[in-house]
Every structure is written in C-alpha cells, then in structure tokens.
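# Structure assessment
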Amino acid sequence: MTENNKQPKSADVFGVGNAMVDILALVEDDFVREHHLTPGSMTLMDTEKQGKLLHDLEHHSLELSSGGCAANTMIALAQSGGSGFYSGKVSKDTNGEFYRQDLIEAGIQFDVHPTLTSSGPTGTCLVLTTPDAERTMCTHLGVSTTLASTDIDVDQLSRCQYSYIEGYLWDAPHPQKASLETMEQSKRHGVKVAFTFSDSFLVDRFSADFHKLVSDYCDVLFCNADEVRRFCELESLTECASKMGELVDTAFITDGANGCLVVEKQQVSKVSGFPVKAIDTVGAGDAFAGGVLFGLTNGFSTLQAARWGNYLASCVVQVHGARLAKKSVADQVQAIIGS
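Heads up: these notes are all about the structure in this document. (Residues numbered from 1 in each chain as written. Predicted model: local features only at pLDDT ≥ 70, side-chain atom pairs only at ≥ 80, totals over all residues. Heavy atoms only, no water.)

## Section: the packing of helix H3 (residues 69–80) against helix H11 (residues 284–296)
What counts is decided by this rule: Axis definition: a line fitted to C-alpha atoms, over the contacting stretch in the case of helices. Angles run 0 to 180 degrees between N-to-C directions. Helix and strand assignments follow DSSP, with helices taken as H or I runs no shorter than four residues and strands as E runs no shorter than two, numbered in order from the N terminus. Geometric relationships in this document are graded by angle, where less than 35 degrees denotes roughly parallel, more than 145 denotes roughly antiparallel, 65 to 115 denotes roughly perpendicular, and other angles denote oblique. In this scheme the handedness of a crossing depends on how the near helix is turned from the far one: anticlockwise by less than a right angle means left-handed, clockwise means right-handed. Any two residues whose heavy atoms approach within 4.5 Å at even a single point are treated as in contact.
Contact geometry for H3 and H11: axes closest at 7 Å, N-to-C directions at 50°. Regarding the angle of H3 to H11, the classification is oblique. Two packed elements cross with a definite hand, and for H3 against H11 that hand is right-handed. For the pair H3 and H11, the contacting residues are Cys-69, Asn-72, Thr-73, Ala-76, Leu-77 and Ser-80 in the first and Asp-286, Ala-287, Ala-289, Gly-290, Gly-291, Leu-293 and Phe-294 in the second.

In structure tokens:
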C-alpha cells in the first residue's frame with residue numbers, strides 16, 4: 001500500500017503518539033472499586049479528578065516514566081537495538097522536560113518543540129495495577145491533544161522504513177489530522193505504515209474511521225484479540241484473522257499468554273507465547289509491537305519478528321511498569337529467534 005521509493009533508509013521507525021508521563025502505582029482491587037473505575041479500562045479525566053486520585057495515593061510509592069502507547073513501542077524498539085524518531089507534544093514544564101530527557105536517554109530521537117505552559121500541562125497517565133496484574137489507566141491528555149500536522153517532520157519520516165501510529169490519537173481532532181498526514185507522507189516517501197488500534201473502546205468509537213484507514217493506508221496492523229473481535233464483529237479469533245487478511249497485507253493479533261496470530265498475505269499462523277508469571281500487564285502490547293517492528297526492519301521473517309515480540313511482552317509483564325527491566329536486550333535476539 002506504500003508507493004515505491006528507492007531512497008535508502010537510515011532509521012527504522014518514525015513513531016507518532018500521545019506523549020504522556022506515566023505515573024505507576026500498585027493498588028488493591030478495593031481502590032479501583034471505591035473510585036468507581038472500570039478495571040482494565042482507560043478513562044479520560046480532567047486535572048481535578050486525576051488530582052483527587054493522586055491525593056488518595058499519597059501513602060503509596062509512585063514511579064514515573066515517559067510513556068504513551070507509541071512511545072513505549074519506540075523504547076522497546078531501541079532496547080532491541082533499533083533506531084527511530086518520535087513525535088508527541090509536551091509542555092514546557094517539569095514533566096515535559098523529564099519526558100524529553102527520558103526518551104532521549106532510552107535511545108529515541110525526540111525533537112518536537114514544547115508548547116508554552118499557558119496552553120496546559122504535559123499529559124499524564126496514572127496507571128493503577130492490581131494484584132491480578134490488571135492495569136486501569138486514568139489519563140489527563142494535557143497538551144498532547146495539540147499535536148498538529150506541522151509537528152510531523154517529513155524529512156525525518158522519509159528516512160525511516162516504517163511509520164507507527166497509535167489509535168489513541170483519534171480522541172482529538174488535531175492529533176487525528178497529524179496521524180493522517182503521517183500516513184499520507186509515508187505513502188509519498190516509500191515508508192510503510194504500521195497502525196495499532198490501542199484500545200477496544202477506540203474500535204467501538206471510531207469503527208468507520210479505522211476500517212477506512214486499514215484499507216487505505218495500513219501495511220501492518222497491530223491489535224489484540226478483544227479489539228479484533230470488536231472490529232470484525234465476530235467471536236472466533238481464527239475467523240477474525242482470516243477477515244483481516246482480506247483487508248491488510250500483514251496483521252499481528254496478540255492473545256495474552258497464548259502468544260499471537262500472524263496474518264501475512266491471507267495466511268494465518270500461530271506463534272506461541274512464553275510461559276511466565278505476570279505481575280503487571282501494562283505495556284505488554286506496546287513491547288510486542290516494538291519487538292515486531294525491530295524484526296521487520298532488520299530482516300526477520302514475520303514469524304521470527306512475532307516470536308521476538310512475544311518474548312519482549314513476556315519480559316514486560318514480569319516487571320512493574322511498561323518498560324523492559326534492562327536498557328538493552330539486543331544480545332538475546334539470536335538466542336530467541338534462532339540463527
């Protein structure tokens with residue numbers, strides 16, 4: 001679906017997403033229930049409501065990291081040994097500078113100019129993880145909703161093999177336009193387009209939009225079992241995979257501990273997961289996508305890329321937070337996928 005362009009590519013992936021500082025907390029089930037939150041969901045909220053939750057967590061240990069769906073994927077890409085650029089909007093505040101430094105230290109180039117604090121704060125996502133490893137996210141988008149088409153550096157994009165866009169950007173008009181601009185420019189410059197649904201509620205809310213962009217723009221789609229069932233309006237995961245094969249060249253459908261299904265040229269293959277004890281599921285899908293994108297941009301077959309993605313996801317669910325515990329796992333690649 002990408003126009004032919006023989007320009008050599010000097011980087012792996014150009015990521016676009018909501019730039020969010022993740023605030024991580026371990027809580028009991030009662031905390032989620034008492035605050036009338038839906039377990040496992042992502043809820044958008046204003047500063048006041050998120051502030052009330054943070055106040056009620058004053059005796060809990062909190063951890064900060066640069067986050068957002070696509071940013072987590074880009075970090076997993078870098079930890080695998082890949083390279084890339086990231087576009088997301090932050091404010092000229094403490095969280096914004098923390099975000100910029102944290103992403104750069106992780107090995108990802110981040111060049112979007114911060115906006116003035118008068119426009120609002122850097123976005124934050126409070127991630128509540130319960131003992132069953134489920135995560136409930138409480139998100140204040142902040143200035144991430146001001147990401148615009150003019151923030152997309154087309155020169156940097158043209159140097160990459162893939163662009164990677166998160167579905168969460170559809171929640172605000174300016175980021176949605178920035179996403180479509182990224183896809184259009186990707187096609188123009190011979191850059192393959194990868195897209196992730198990000199969340200089931202987005203599939204429900206933007207079903208028509210997602211169907212159109214999958215057909216018109218996507219070379220690679222990432223989704224989980226619940227999302228693809230909502231998208232296809234089918235219960236059978238195998239039937240969903242077959243239907244996706246009619247819409248997109250390549251799709252990766254994650255299914256928790258079961259691993260994933262890989263759809264390539266209408267052929268469906270299963271790639272088993274790695275049996276581990278999960279303590280926190282936040283970021284598993286993002287790490288999976290980062291591993292797959294590293295594989296696709298470094299000569300792996302789709303099944304090898306999926307295996308590496310499954311491995312990174314299995315590592316992430318064993319730690320608290322959306323990041324791999326190690327800054328680099330590149331030395332483990334060959335042992336996992338085989339030479």
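## A closer look at the sheet that holds strand S3 (residues 42–44)
The cut-off we apply is this: By the convention used here, strands pair only if DSSP detects at least 2 bridges between them.
Here we have five strands laid out as an open sheet, ordered S3-S8-S7-S2-S4, and mixed in their pairing. With one partner strand each, in any of the chains shown, S3 and strand S4 (63–67) form the two edges of the open sheet. Between one strand and the next, the sheet's axes are offset by a mean angle of 25°, whatever the strand orientation. Here strand S7 (residues 123–129) runs beside strand S8 (residues 135–140); their pairing, made up of six bridges, is antiparallel. Bridge pairing in S8 places Leu-126 opposite Cys-138. With respect to the sheet, helix H4 (residues 94–105) is in contact with strand S2 (20–26), S4 and S7, its orientation differing from that of S4 by roughly 70°.

## Things to note about the side chain of Thr-297
Counted only if it meets this: Here a polar contact means two N or O atoms within 3.5 Å. Within protein one must be a hydrogen donor candidate and the other an acceptor candidate, and residues neighboring in sequence count only if both atoms are side-chain atoms.
Counting through the fold element by element, Thr-297 comes out in the loop between H11 and helix H12 (302–316). Of note is the side chain of Thr-297, whose polar atom sits 3.2 Å from the backbone oxygen of Phe-294. A polar contact of 3.2 Å, which involves the side chain of Thr-297, links it to the side chain of Asn-298. Non-local contacts of Thr-297, meaning those with residues more than four positions away in its chain, are made with Asp-12, Val-13, Gln-161 and Tyr-162.

## What to know about H4
Rule in force here: To estimate the expected span of a helix, count its residues, drop one, and scale the result by 1.5 Å. Between buried and exposed lies partly exposed: a residue is buried under 20% and exposed over 50% of the maximum accessible area for its type, with that area taken using a 1.4 Å probe on protein chains only. Read the arc as the range of directions from the helix axis to the C-beta atoms.
Taking 1.5 Å per residue as the helical rise, H4 with its twelve residues ought to reach 16 Å, and the 16 Å between its terminal C-alpha atoms agrees with that figure. Burial in H4 covers these residues: Gly-96, Tyr-99, Asp-102 and Leu-103. Within H4, the buried residues cover an arc of 135° as seen down the axis, which keeps them to one side. H4 presents Thr-94 and Glu-105 as exposed residues on the side facing more than 90 degrees away from its buried surface. Considering only its buried residues, H4 is in contact with S2, S4, H3, strand S5 (84–87) and strand S6 (109–110). Two residues or fewer after H4 comes Gly-107, characterised by a positive phi angle close to 105°.

## Some points on the environment of Leu-213
Structurally, the position occupied by Leu-213 is in helix H8 (residues 207–216). A residue is classified by how much of its surface remains accessible, and Leu-213, at 2% relative accessible area, is buried. For the pair Leu-213 and Val-248, spaced 35 residues apart in sequence, the C-alpha separation works out to 10 Å. In contact with Leu-213, not counting residues within four places along its chain, are Trp-170, Met-183, Phe-195 and Cys-218.

## Observations concerning the pattern of salt bridges
Basically, it comes down to this: Salt bridge, as used here, is a side-chain nitrogen of Lys or Arg placed within 4 Å of a carboxyl oxygen of Asp or Glu.
If you walk through the whole model with that rule in mind, you get eleven salt bridges. A salt bridge links Glu-97 to Arg-100, with the nearest nitrogen and oxygen atoms 2.9 Å apart. Within this pair, Glu-97 and its partner Arg-100 are both found in helix H4, separated by three residues, close to a single helical turn. On the accessibility criterion, Arg-100 (30% relative accessible area) is partly exposed. A salt bridge links Arg-323 to Asp-102, with the shortest nitrogen-to-oxygen separation between them at 2.6 Å. Within this pair, whereas Arg-323 is found in the loop between H12 and helix H13 (333–337), its partner Asp-102 is found in helix H4, the two being separated by 221 residues in sequence.

That's the geometry; what it means functionally is another story.
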